[in-house]
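Chains, contacts and geometry: an overview
Now for the letters of each chain:
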Amino acid sequence: MGWWLLAVAAVAAAVAATAATFNPVADTKATVTVQGQSFQARFTVLTPQLLRCEVVPVGDTFRDAATLAVVNRLLPVPRFTSSYSSDKTTLRIETDYLLVQYVLGSDARPFNESNLNITVKALSTTWKPGDKPTGNLLGTIRTLDKVRGPTNLDCNSMTKNELADSHCTMGLISRDGWTLVDDSSNAVLDNSSWPWIVKQAANSATCSLANDEKIDCNPKDFGGKAKCEELGCCYSASSSELRTPSCFYPRTLETEATAVQDWYFFGHGHDYLQALYEFTLISGQHPLPPRYTYGSQYSKWVVHAHARAQT
């Protein structure tokens, strides 16, 4: 047990040492905001090759809180220019590496293939919303359990059920020269000393699950309905089916394109190392506990020889 406590302490120390330098609120000098009648857009130039693009309905506020993916947006303001066309219908933002054009028309609208395009100058490649990443070098899936031999990592070729089961994620680097990271639906973190997920109240939409989709949120049913709702979970009277929980996790709903968009555009061309480096600028470095804190290797299925543990 002592080894595991050391491991936890090492991670906690690393998080505490780096968290103080993180600030999810970007410098206002790096932002360009467009106010429309129904929607408003905001562009944040994080680096010359990394751009944040947001749309929210008028009356809502742009999200400045940290998320599970992005904890830092306060970076040195890069050199860029912003201007409108003579008829005020098109916003143009240009850095040394990217050219952004947002066509407002008569009003600001959610991003789509007809009103937004970003050109990666190094490759003379222009991206539009909806473009498929044919050259992406792929990312990860949730687990290798039950995997035998080659496995598919191309999220675009998966069915909706396969995506939900594998938690497939596209990679950060691509031969296309660009990668889009959609942070719209990611969980938001609070401002506590150890940042934690902000609880979202369950509602009729997120609690509408079939019995076989319900995952027990309070296995011992301690505290009944009040405790269940305090946990941010859904509660329903006990079902006639013995194994159906009365307290279960809510569904995570995908953010509709017409409501909120929060995208990060990586336009690094083929400079893959720079793309990975700049991701750590906004996501934070990923601390690893010292090797000696891992302790002994064991498994309830396989007997490991001591020589293997040593190596």
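See the structure shown above.
Anyway, here's the lowdown on the structure attached to this text. (Residues numbered from 1 in each chain as written. Predicted model: local features only at pLDDT ≥ 70, side-chain atom pairs only at ≥ 80, totals over all residues. Heavy atoms only, no water.)

Some thoughts on empty space enclosed by the protein
Condition: A cavity here means a set of 1 Å grid points, computed over protein atoms only, where a 1.4 Å probe fits but cannot escape. A pocket is an open set with protein on both sides within 12 Å along at least 5 of 7 lines, and lining residues have an atom within 4 Å of a point. Grid points are joined across faces, edges and corners, and a volume is the space filled by probe spheres set on the points. We call Asp, Glu, Lys and Arg charged. Ala, Val, Leu, Ile, Met, Phe, Trp, Tyr, Cys and Pro are nonpolar, and the rest, Gly among them, are polar.
Counting across every chain of the model gives one cavity of 30 Å³ or more. Looking at the largest cavity, its volume works out to about 60 Å³. Every residue along the wall of the largest cavity is listed here: Leu172, Ile173, Ser174, Gly177, Trp178, Thr179, Phe266, His268, Gly269, Tyr272 and Ala275. Taken together, the residues of the lining of the largest cavity break down into six nonpolar, five polar and no charged.

Overview of the sheet that holds strand β2 (residues 39-47)
Strand pairing in a sheet relies on backbone hydrogen bonds. The paired strands run either parallel or antiparallel. For clarity, the cut-off: Strands are labelled as partners when DSSP assigns at least two bridges between them. Numbering of helices and strands starts at the N terminus; helices are DSSP runs of H or I of at least 4 residues and strands are runs of E of at least 2. Fitting a line to C-alpha atoms yields each axis, with helices limited to the stretch in contact; the angle taken between N-to-C directions then spans 0 to 180 degrees.
One open sheet accounts for five strands, arranged β1-β2-β3-β12-β9; its pairing is antiparallel. Sheet topology places β1 (31-35) and β9 (179-182) at the edges, where each strand pairs with a single neighbour. The sheet shows a mean angle of 15° between the axes of neighbouring strands, taken without regard to direction. Sheet topology places β9 next to strand β12 (residues 261-266); four bridges connect them, and they run antiparallel. If you follow aspartate 182 over to β12, its bridge partner there is tryptophan 263.

Some thoughts on the packing of aromatic side chains
Using the following cut-off: Aromatic pairs are defined between Phe, Tyr and Trp rings, using the six-membered ring for Trp, whenever the two ring centres lie within 6.5 Å; interplanar angles under 30 degrees are classed as stacked, those over 60 as edge-to-face, and all others as tilted. Exposure classes here rest on a 1.4 Å probe applied to the protein chains alone. A residue is buried below 20% of its type maximum, exposed above 50%, and partly exposed in between.
Under the defined criterion, the tally for this structure stands at eight aromatic pairs. Between tryptophan 127 and tryptophan 263, the ring centres sit 6.2 Å apart and the planes meet at 80°, which makes this aromatic pair edge-to-face. A residue pair is termed long-range when its members are at least 10 positions apart, and tryptophan 127 in strand β8 (residues 125-127) and tryptophan 263 in strand β12 qualify at 136 residues. Since its relative accessible area comes to 2%, tryptophan 127 is described here as buried. Counting every residue linked through ring pairs, the aromatic cluster contains Phe43, Tyr102, Phe111, Trp127, Trp178, Trp263 and Phe265.

Considering the sheet that holds strand β6 (residues 98-103)
Pairing is antiparallel across the open sheet formed by five strands, whose spatial order is β4-β5-β6-β7-β8. Edge positions in the sheet fall to β4 (81-84) and β8, since each has one partner strand and no second. Taking each pair of neighbouring strands and ignoring which way they run, the sheet shows an average axis angle of 15°. Summarising the sheet, β4 and strand β5 (residues 90-94) pair through four bridges and their orientation is antiparallel. Within the sheet, the bridge partner assigned to serine 83 lies in β5 and is arginine 92.

Points about the side chain of arginine 52
Worth spelling out the cut-off: Each polar contact in these results corresponds to two N or O atoms within 3.5 Å; when the atoms are within protein, one needs to be able to donate a hydrogen and the other to accept it, and residues that are neighboring in sequence are counted only if both atoms are side-chain atoms. Whether two residues are in contact is decided by their heavy atoms, any of which lying within 4.5 Å being enough.
Assignment of secondary structure puts arginine 52 in strand β3 (residues 50-57). Only 3.0 Å separates the side chain of arginine 52 from the backbone oxygen of arginine 63, close enough to count as a polar contact. Separated by 3.1 Å, the side chains of arginine 52 and tyrosine 264 make a polar contact. Non-local contacts of arginine 52, meaning those with residues more than four positions away in its chain, are made with Arg42, Phe43, Thr44, Leu46, Arg63, Arg73, Asp262, Trp263 and Tyr264.

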